[in-house]
Amino acid sequence: MGKPAPKLAVFISGTGTNLQALIDARKKGKLTAEIALVVSSSPQTGGLSRAKNADIPTFIFEEKKYPSQPVATTALLDKLKEHMIDYIANAGYLKLIAPEIIAAYPDKIINIHPALLPKYGGKGMYGIRVHEAVIAAHEKESGVTFHLVDEKYDHGRILKQIKVPVYEDDTPELLQQRILKEEHKHYPIVINNLIKEKT
Ligand code: GRF
């Protein structure tokens, strides 16, 4: 018998199309990690039903519902340990990851940002706002950045960047869709490569 697959937790705050791309990649044998847990920052995210349809355990992590930040972080760490999680993939997760979680998963947490960092990143730069800013600045290209997570928003080591063109008559929505397609295609590969690098 071969080595068991490393266990991945996917963190979401939204529709979860990247989560779906990872679930599909795993089904096709194109993701080396098993998606063992989905953590959602709200009970209302569209991504939760994708997890349930794929029989993946879920954990609703609403930090504000805990008496303090350390108590919340401990609850999340305990959940990650309970599911024996090795890696974390942020897929549209909008909350900052606590330093204790980063310390427990050094260079094992990946984030996607829908622009070419270091441009158009940082606090408040998420969702459609990123693409609005890119178009307003008349950029000729944008893209996606896969990077490791450290204690600052959109800051850790860049693992991969994919460029896409920005057209003269583009809308933020069209640009967002063009970039999302690249996210879906490359996220499993980026995760596989990190796992290879770490083992
Ligand atoms: C993506 O654009 C990603 O780059 C950003 O959040 C969005 C998530 O989309 N971090 P989805 O929830 O995976 O559909």
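Residues numbered from 1 in each chain as written. Predicted model: local features only at pLDDT ≥ 70, side-chain atom pairs only at ≥ 80, totals over all residues. Heavy atoms only, no water.

Caption draft 1: How the structure looks around the environment of K152. Within the fold, K152 resides in the loop between β6 (141-148) and β7 (158-165). K152 sits in the exposed class, given a relative accessible area of 54%. (Helix = DSSP H or I, 4+ residues; strand = E, 2+ residues; numbered from the N terminus. Buried < 20%, exposed > 50% of the residue type's maximum accessible area, 1.4 Å probe, protein only.)

Caption draft 2: A look at empty space enclosed by the protein. Within the structure shown, the criterion is met by one cavity of 30 Å³ or more. Of the voids in this model, the largest cavity is the one considered here, and its volume is about 60 Å³. Along the walls of the largest cavity sit F11, F61, E63, Q69, T73, L76, Y93, L96, I97, A98 and I101, which together make up its complete lining. The element best represented in the lining of the largest cavity is helix α3 (residues 69-82), accounting for three residues. (1 Å grid on protein atoms, 1.4 Å probe; cavity = no way out; pocket = protein on both sides within 12 Å on 5 of 7 lines; lining within 4 Å. Points joined across faces, edges and corners; volume = space filled by probe spheres on them.)

Caption draft 3: Structural context of the layout of surface pockets. Volume-wise, the largest pocket comes out at about 770 Å³. G92, Y93, L94, Y126 and G127 are, among the 36 residues lining the largest pocket, the residues nearest its centre. Only α1 (17-27), β4 (87-91), β5 (109-113), β6 and α6 (172-198) provide two or more residues apiece to the lining of the largest pocket. When the residues that make up the lining of the largest pocket are grouped by side-chain class, the tally is 13 nonpolar, 17 polar and six charged. (Nonpolar A, V, L, I, M, F, W, Y, C, P; charged D, E, K, R; others polar.)

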